[in-house]
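Observations on the three-dimensional arrangement
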Amino acid sequence: GDVELRLTGGAALGAAPKATLQLVADQFHLLNRADRRIVTSGTATLVLDAKSAALDGQLTIDEGLIDVSRGDAPSLDSDVTVRGGKHAADKVAQEEAAAPARNGRAARDLRVAVQLDLGDKLRLRGRGIDTRLAGQLAISSPNNRLALNGQVRAADGQYAAYGQKLQIERGVLGFSGEIENPRLV
């Protein structure tokens, strides 16, 4: 199709390494599965150096579908044992983020400032819900931790429950801080 993804930039190596990359996307298929499809356009700039990483950008979802009707997530066979698990990985990530230095190197400073517009053609379907999603989100990184601010609204939606198709009059997920802690508005 009429898809464009352009990546330009440069890098300097040596005592003070630095790389700068600019991304321009036009109708780029970020996800292209039968049950998850995201087509996006926008720009982003990534700057990396020895002590920091910075990502700035503005992206719009041109169209998309998130279909959650295909059942639960896959599970492991009974003969598979997971050691440590999610909480152990979270603890390691927290320790690495909090450590001022590891192996003589300072922790990398992370700065993210990405604006995401959900557009008007993003659909959520499955488990009784069929709605369009709209809204704007700001992704940032205060204290080197990802944060999300903004709202995701259900628009023109229905929820099938109790043998009826209920119209969604108001459905808003609000984000103001850590990604894993949204609030219903």
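On a predicted model such as this, the values are computed, not experimentally measured, just so you know.

Brief notes about the overall build of the protein
From N to C terminus, the protein includes 1 helix and 13 strands. When the 185 residues of the protein are sorted by exposure, 22% land in the buried category. Of the contacts made within the protein by residues no fewer than 6 positions apart, 46% connect residues no fewer than 24 positions apart. Within the structure as shown, the protein displays about 13000 Å² of accessible surface, and the carbon and sulfur contribution to it stands at 52%.

With respect to the environment of Val 3
Inspection of the secondary structure puts Val 3 in the segment before strand 1 (4–12). Expressed as a C-alpha distance, the spacing of Val 3 and His 29, which sit 26 residues apart in the sequence, is 7.9 Å. Beyond its immediate stretch of four places on either side in the chain, Val 3 contacts Asp 26, Gln 27, Phe 28 and His 29.

Quick notes on the pattern of salt bridges
Going through the model one piece at a time under the given rule, you end up with 8 salt bridges. Note that Asp 35 is salt-bridged to Arg 33, the shortest N-O span being 2.8 Å. In this structure, Asp 130 and Arg 125 form a salt bridge, with 3.8 Å as the shortest nitrogen-oxygen distance.

Here's the deal with the pairing of strand 7 (residues 109–117)
Two faces make up the sheet, and in a regular strand the side chains alternate between them. Where strand 4 (residues 52–67) meets strand 7, 9 bridges bridge the pair, whose relative direction is parallel. Each bridged residue has a counterpart across the sheet, and for Gly 57 the counterpart in strand 7 is Val 114. Both strand 7 and strand 9 (residues 129–140) contribute to a ladder of 5 bridges, which runs antiparallel. The residue bridging Asp 117 from the neighbouring strand is Gln 136, located in strand 9.

Re the side chain of Arg 132
Secondary-structure assignment places Arg 132 in strand 9. Side chain to side chain, Arg 132 and Asp 156 meet in a polar contact 3.2 Å long.

Considerations on the pairing of strand 9
Here 5 bridges tie strand 8 (residues 122–126) to strand 9, and the two strands are oriented antiparallel to one another. From the neighbouring strand, Arg 125 faces strand 9, where its bridge partner is Asp 130. In this antiparallel pair of consecutive strands, strand 8 and strand 9, the connection spans 2 residues, and Arg 127 shows a positive phi of 55°. Examined bridge by bridge, strand 9 and strand 10 (residues 147–161) share 11 bridges and lie antiparallel to one another. Opposite Ala 134, over in strand 10, you have Arg 153 as the bridge partner. Between strand 9 and strand 10, which follow one another and run antiparallel, lie 6 residues, and Asn 143 among them has a positive phi close to 55°.

Structural notes on the side chain of Asp 67
Note on placement: Asp 67 falls in strand 4. Nearest to the buried, unbridged Asp 67 among oppositely charged side chains is Arg 125, at 5.1 Å. Separated by 2.5 Å, the side chains of Asp 67 and Ser 69 make a polar contact. Ignoring any residue separated from it by four or fewer positions in sequence, one finds Asp 67 in contact with Asp 35, Arg 36, Arg 125 and Gly 126.

Structural notes on the nonpolar core
Judged by nonpolar contacts, Ile 38, Ile 61, Leu 116, Leu 118, Leu 122, Leu 133, Leu 137, Leu 148, Val 152 and Phe 175 together constitute the single largest core of 10 residues. Counting residues per element, the ones that place at least two in this core are strand 9 and strand 10. Aside from chain neighbours lying at most four places away, what touches Leu 118 is Ile 61, Leu 133, Ala 134, Gly 135 and Val 152.

Structural notes on unusual backbone geometry
One non-glycine residue, Asn 143, lies in positive phi territory at about 55°. Along the polypeptide, Asn 143 turns up in the loop between strand 9 and strand 10. What makes Asn 143 exposed here is its relative accessible area of 76%. Here Asn 144, not a glycine, exhibits a phi torsion of approximately 60°, which is positive. Within the fold, Asn 144 resides in the loop between strand 9 and strand 10.

Criteria and cut-off values
- Residues numbered from 1 in each chain as written.
- Predicted model: local features only at pLDDT ≥ 70, side-chain atom pairs only at ≥ 80, totals over all residues.
- Heavy atoms only, no water.
- Helix = DSSP H or I, 4+ residues; strand = E, 2+ residues; numbered from the N terminus.
- Buried < 20%, exposed > 50% of the residue type's maximum accessible area, 1.4 Å probe, protein only.
- Contact = heavy atoms within 4.5 Å.
- Areas by Shrake-Rupley, 256 points an atom, 1.4 Å probe, with all protein chains shown as cover.
- Salt bridge = Lys/Arg side-chain N within 4 Å of Asp/Glu carboxyl O.
- Pairing = 2+ DSSP bridges.
- Polar contact = N/O pair within 3.5 Å; in protein donor to acceptor, adjacent residues only side chain to side chain.
- Lys, Arg positive; Asp, Glu negative; His and termini not counted.
- Core = buried A, V, L, I, M, F, W, Y, C linked by side-chain atoms within 4.5 Å.

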